[in-house]
Amino acid sequence: MDAELVILIIGLFFMAIIYSSVGHGGASGYLALLSLTSFSSEGHIWLKQHAWSLNLIVAGLAFLYYRKEGYHDIKLTLPFILASIPFVILGSYVQVEGNIYDILLTTFLILAAIKLVIIKKEVGIIEIESPKIQDFFIIGGLIGYMCGILGIGGGVILTPIMVIKKWADAKAAAATSAIFIWFNSLSGLI
């Protein structure tokens, strides 16, 4: 077996473990790893399909765990999913050139990292607020569209937004993100 492939498989495995521990599928990490290998020459459509396929497994398992532990709130999750699915499908039809795709993906990953860094740790009990109906559809739709273009599940953006806006605590946000990622990945593949 090729050394690059072995290193990639090990990297993807560790990426899956790290991302699933916070309720994410890991597509942004898979895309980053795949982009550093010779597989990047296969094109962004190939990369998106493989990232979404891995997301189905990893985010699905993460969701089952968080749901089993009682962290899933269907009233918080369902509107985000319903808003994102048509936009993921629409975004997945958008064809971007290789360099533009790389710039978009890099920018998106940097912004996601910044969002995660600026989350302030709250001391004590956090007062959870319900999002307004337009928040579900605007945020779900925008994230869904970017998911379709980039080939990610959207958890790296949805989780920080939910925590920063105090719509959910970290574990409820992880449960929502996991199933949001799963449906977005399935929609992108379709």
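About the thresholds
- Residues numbered from 1 in each chain as written.
- Predicted model: local features only at pLDDT ≥ 70, side-chain atom pairs only at ≥ 80, totals over all residues.
- Heavy atoms only, no water.
- Helix = DSSP H or I, 4+ residues; strand = E, 2+ residues; numbered from the N terminus.
- Buried < 20%, exposed > 50% of the residue type's maximum accessible area, 1.4 Å probe, protein only.
- Core = buried A, V, L, I, M, F, W, Y, C linked by side-chain atoms within 4.5 Å.
- Contact = heavy atoms within 4.5 Å.
- Phe/Tyr/Trp six-rings, centres within 6.5 Å; stacked < 30°, edge-to-face > 60°.
- Axes fitted to C-alpha atoms, helices over the stretch in contact; angles between N-to-C directions.
- Parallel < 35°, antiparallel > 145°, perpendicular 65-115°, else oblique.
- Left-handed = near helix turned anticlockwise from the far one by under 90°.
- Nonpolar A, V, L, I, M, F, W, Y, C, P; charged D, E, K, R; others polar.
- 1 Å grid on protein atoms, 1.4 Å probe; cavity = no way out; pocket = protein on both sides within 12 Å on 5 of 7 lines; lining within 4 Å.
- Points joined across faces, edges and corners; volume = space filled by probe spheres on them.

Q: Can you walk me through the environment of K166 in this structure?
A: Here K166 shows up in the loop between helix 7 (155-164) and helix 8 (170-189). Look at K166 and you get partly exposed, because its relative accessible area is 29%. Put simply, K166 and G11 are 155 residues apart on the chain and 33 Å apart in space, counted from C-alpha to C-alpha.

Q: Looking at this structure, I do not really get the nonpolar core. What am I missing?
A: One broad trend across soluble globular proteins is that nonpolar side chains are buried collectively. Counting 41 residues, the largest nonpolar core has F80 and I143 as the members making the most contacts within it. Contributions of two or more residues to this core are made by helix 1 (3-20), helix 2 (27-35), helix 3 (44-68), helix 4 (74-92), helix 5 (98-118), helix 6 (133-150), helix 7 and helix 8. Not counting chain neighbours up to four residues away, the residues in contact with F80 comprise D135, F136, I139, G140, L158, M162, W167, T176 and F180.

Q: Can you walk me through helix 7 in this structure?
A: Given 3.6 residues to a turn, an α-helix orients residues that are three or four positions apart in the same direction. By the criterion of burial, helix 7 is predominantly enclosed, with 8 of the 10 residues buried. Along helix 7, the residues classified as buried are G155, V156, I157, L158, T159, P160, I161 and M162. Phi turns positive one or two residues past the end of helix 7, at K166, with a value near 65°.

Q: Can you help me understand the packing of aromatic side chains in this one?
A: The relation between two aromatic rings is expressed through the spacing of the ring centres and the mutual angle of the planes. The final tally for this structure, using the stated rule, is 8 aromatic pairs. Ring geometry for Y66 versus Y71: centroids 6.2 Å apart, planes at 65°, classification edge-to-face. Since its relative accessible area comes to 29%, Y71 is described here as partly exposed.

Q: Would you mind showing me how to read the packing of helix 1 against helix 2 here?
A: Between two packed helices, both the angle of their axes relative to each other and the distance between the axes serve to describe the pair. Relative orientation of the contacting elements helix 1 and helix 2 amounts to 160°, with a least axis distance of 9 Å. Relative to helix 2, the element helix 1 lies roughly antiparallel. Crossing of helix 1 against helix 2: the hand is right-handed. Counted together, L8, G11, L12, M15, A16 and Y19 of helix 1 and S28, G29, Y30, L33 and L34 of helix 2 form the full contact between these two elements. Of the residues in the contact of helix 1 with helix 2, the class split is 8 nonpolar, 3 polar and no charged.

Q: What's the story with empty space enclosed by the protein in this structure? I'm lost.
A: Over the atoms rolls a probe the size of a water molecule, and its path tells where empty space is left. The final tally for this structure, using the stated rule, is 1 cavity of 30 Å³ or more. Taken as a whole, the largest cavity spans an internal volume of roughly 60 Å³. Looking at the largest cavity, it is lined by 13 residues, and the ones nearest its centre are G26, A27, G153, G155 and V156. If you list the elements that add at least two residues to the lining of the largest cavity, you get helix 2 and helix 7. Split into classes, the residues belonging to the lining of the largest cavity amount to 5 nonpolar, 8 polar and no charged.

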